[in-house]
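A look at the structure
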Amino acid sequence: MAGEDGSSPIARSSSAARPRGVELDGIAGSAGVAVGRAVVIDAPESSVVRRRITEQQGEEELERFQRAVTSASRALREVAERIRESATRAESSIVEAYILMLEDETLRDAVERRILGECQCVEWAVDGAVRAMAEQLRAAHDPYLAERSHDFEFIGDRILRQLGGRQRTLSLVDLEEPGILVAHDLSPAETAGLHRERVAAMVMEVGTRTSHTAILARALEIPAVVGVRELLTQVATGDRLLVDALRGRVIVEPTDEQIAAATARAERYRAVAERSRVLQRPAATRCGVRVALRGNVELPAEAGIASALGAEGIGLYRTEFLYVDRAEPPDEEAQFETYRRVLQVMSPMPVTLRTFDIGGDKYVSAFQAPAEMNPALGLRAVRLGLARPELFLTQLRAMVRASAYGSLAIMVPMIASVRELREVRSLLERARREVDAAGHPSAREIPLGVMIEVPSAAVMAAELAREAAFMSIGTNDLVQYALAVDRTSRELAYLATPFDPAILRLIHGVVAAGRLHDRPVSVCGAMASDPLAAVLLVGMGLRELSMEASAIPGIKEALGRVTLAEAEAVVAAARALVTAEEIEALVIERLGPLLSDLLELDAAGS
Ligand code: PEP
Ligand code: MG
């Protein structure tokens, strides 16, 4: 099929003789092994027009934007329609999620501000707004949020294509045998349009295991390795490739031995994968003890993805995302609409909305945060909320109003003392009085819970449990604060382990405090999405874990292979150990043989 300039979008290059067996490391995005010839797809056009417009042209540019959004969402709807019959629910909901993101008002507001306020032409405004949103997410130094930044770039690309009338259509019909698609990036919609018969595997320079493209590749059962640096400088069309998407590795011109070893492993993997089609049954240990697995989400559209992947509700909705790239914080109405939508999508399953966690590593430009030496220890999260009660009340009123539309709980981040919880409760009561006075309906009971992520909160968990409806342990920050390891530091990442005995001891204390006062305790930090750690947590008494949606099937499978007695025995043995290394070694020794296939993927994906 021809590209926009009439040339083939498949870049053909003469395959120079290459050394055999060159290995390129990446991330296993979708399990499997394939051997075939590379087909390199051209990098998409990236330059964007930058033109100043007059004030009078502003409205015209806004109309162009609106038309481009309409066409882009129409094009995506066509994709959704096309894949409806063959697609799984996860696949379809990802495309639908993109349609919602396209129409989201956060993006529209940001573009409008650039067009009307800064006199930028629409292409420039879209490009700038998308880059700023993506940058904010990347600045969080959180792999999951960083991954969401690709979603924004994808949406921006869709709109820009419409503005320029550009289409990048992929076609592998020229291929005589199934090829291995090699690209810088492939959008989820393009991935969704691929045919299993024509594509033996995919390899991309960008992406992580949780990128939506990787999720789609898994849904289509196309092996994929993503995040391969310098891929396009190493591989040319026609090269023979071994894609080992179990190990996250690509071998250029593989030897026969390499092919035989990878194929044997792929066979073993397939046998396990067959057994792990577990999406539709609730999570439980092998002996039948139920564990609720919920989703962590940032965007309303992700709620649908979480439920398609088997989430029993949302355990952590990071609302700070609503505040990103805005000159002014979102008003009550805009927040209410967003929360209501998430509650309705998930109803009757529970949704835990976390009040904004702004500050620290989660920078938001709408707040002129004071320059601080240690922002992670500064005016952040609930501290910011209490320092700016009018802002906090706006969010709390929006949440109270949304409670009429599903099963809502409110959770407060960075609680360090009982006093803070009391102050939040009194603001929440005031918010409720104001909502009542304005005549809006709301749920009679809204559980108010706390995140346990500051060591003082873990120490005072019993006192907090007496006054809070539930506790959710944020292990990302708990590890950072308890071990004094900056969560954004690459150099110290090796120290930031939830297997540290100090962390496990703090978690034990919180679980005991929950039992004492009969309050539910969950874990919503990244620890919950690690198969070994998840089993340990269940052995420690947790019955509710919340994690990135894509981790849910793997954790469900892991829990289903272990009895509670086995998990408790590992915990008992771990309690006698005094270093993180010893505990990790113990857990791997006891649970590794049971979970090796899941860990193989996990290790490759981390
Ligand atoms: C945590 O700290 O573990 C957590 C879940 O919150 P966040 O990652 O948003 O800080
Ligand atoms: Mg946190």
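The structure displayed is predicted, hence computed values, not measured ones. (Residues numbered from 1 in each chain as written. Chains lettered and ligands numbered in written order. Predicted model: local features only at pLDDT ≥ 70, side-chain atom pairs only at ≥ 80, totals over all residues. Heavy atoms only, no water.)

Observations regarding the nonpolar core
For the record, the criterion: Joining through side-chain atoms within 4.5 Å is the link that ties buried Ala, Val, Leu, Ile, Met, Phe, Trp, Tyr and Cys residues into a set, and such a set is a nonpolar core. For the exposure calls, accessible area comes from a 1.4 Å probe over protein chains only, and a residue counts as buried if that area is under 20% of its type's maximum, exposed if over 50%, partly exposed in between. Should any heavy atoms of two residues lie within 4.5 Å, those residues are considered in contact.
Of all hydrophobic cores here, the largest spans 144 residues; its most connected members are Val-126, Ile-159, Leu-293, Ile-452, Met-471, Ile-507 and Leu-545. Apart from the residues lying within four places of it in its own chain, the contact partners of Leu-545 are Val-291, Ala-292, Leu-293, Arg-294, Val-523, Ala-528, Ala-534 and Leu-537.

Some thoughts on the coordination of the magnesium ion (ligand 2)
The condition that has to hold: Each metal site is built from N, O and S donor atoms within 2.8 Å (3.2 Å for Na, K and Ca), and since water is not included, such sites may look incomplete. Strands are runs of DSSP state E lasting at least 2 residues, helices are runs of H or I lasting at least 4, and numbering of each runs from the N terminus.
Protein coordination of the magnesium ion (ligand 2) is provided by Glu-453 (OE) and Asp-477 (OD), with donor distances spanning 2.0 to 2.2 Å. Taken as a pair, Glu-453 in the loop between strand 14 (448–452) and helix 15 (455–459) and Asp-477 in helix 17 (residues 475–483) lie far apart in primary sequence, 24 residues in all. Each of the two residues, Glu-453 as well as Asp-477, counts as buried.

Re helix 13 (residues 389–402)
Structural remark: α-helix, 3.6 residues per turn; residues separated by three or four positions point the same way. Which entries qualify depends on this criterion: Under the convention used throughout, the expected extent of a helix is 1.5 Å for every residue step, that is, one less than its residue count.
If you check helix 13, its first and last C-alpha atoms are 20 Å apart, about what 14 residues at 1.5 Å a residue would give, namely 20 Å. Among the 14 residues of helix 13, 12 are classified as buried, and the element is accordingly described as predominantly covered. Taken together, the buried residues of helix 13 touch helix 11 (332–346), strand 12 (350–354), helix 12 (381–387), strand 13 (407–412) and helix 14 (418–437).

Digging into the confidence of the model for the protein chain
Put simply, the test is: Confidence scores labelled pLDDT are given residue by residue by the predictor and lie between 0 and 100.
Confidence in the prediction of the protein chain, expressed as mean pLDDT, is 84, and 82% of residues score 70 or more. Segment residues 167–174 is flagged for pLDDT under 50; beyond a separation of four residues in sequence, or across chains, it makes 28 contacts in the model. Here residues 601–606 scores under 50 on pLDDT; set against residues more than four positions off or in separate chains, the count is 17 contacts.

Looking at the environment of Gly-359
Relative to the assigned elements, Gly-359 resides in the loop between strand 12 and helix 12. In this structure Gly-359 comes out as buried when scored by relative accessible area, which is 13%. Linking Gly-359 and Leu-377, residues 18 residues apart in sequence, is a C-alpha distance of 9.3 Å. Among residues more than four places away in sequence, those in contact with Gly-359 are Leu-379 and Arg-380.

Regarding the environment of Ala-551
Within the secondary structure, Ala-551 sits in the loop between strand 17 (544–548) and helix 20 (552–560). Given the relative accessible area of 12%, Ala-551 is considered buried. Taking the C-alpha atoms as reference points, Ala-551 and Pro-531, separated by 20 residues in sequence, lie 9.0 Å from one another.

Focus: the packing of aromatic side chains
Heads up, the condition is: Each pair of aromatic rings taken from Phe, Tyr and Trp, with Trp reduced to its six-membered ring, is defined by centres within 6.5 Å and is described as stacked if the planes are under 30 degrees apart, edge-to-face if over 60, and tilted in the remaining cases. In our convention, an over-ring charge means Lys NZ or Arg CZ found within 6 Å of a ring centre and within 35 degrees of that ring's normal.
Summed over the entire model, instances satisfying the criterion amount to 5 aromatic pairs. Taken together, a centroid distance of 6.4 Å and an interplanar angle of 85° make the contact between Tyr-317 and Tyr-339 edge-to-face. Taken together, the positions of Tyr-317 in strand 11 (residues 314–318) and Tyr-339 in helix 11 put the pair 22 residues apart, joining distant regions of the chain. According to the relative accessible area criterion, Tyr-317 is buried, its value standing at 0%. Taken together, the ring pairs in this structure connect Tyr-323, Phe-356 and Phe-392 into an aromatic cluster. A cation over a ring is seen here: Arg-340 above Tyr-405, with NZ or CZ 5.6 Å from the ring centre. Here the guanidinium or amino end of Arg-401 rests over the ring plane of Phe-336, the centre of that ring lying 4.1 Å away.

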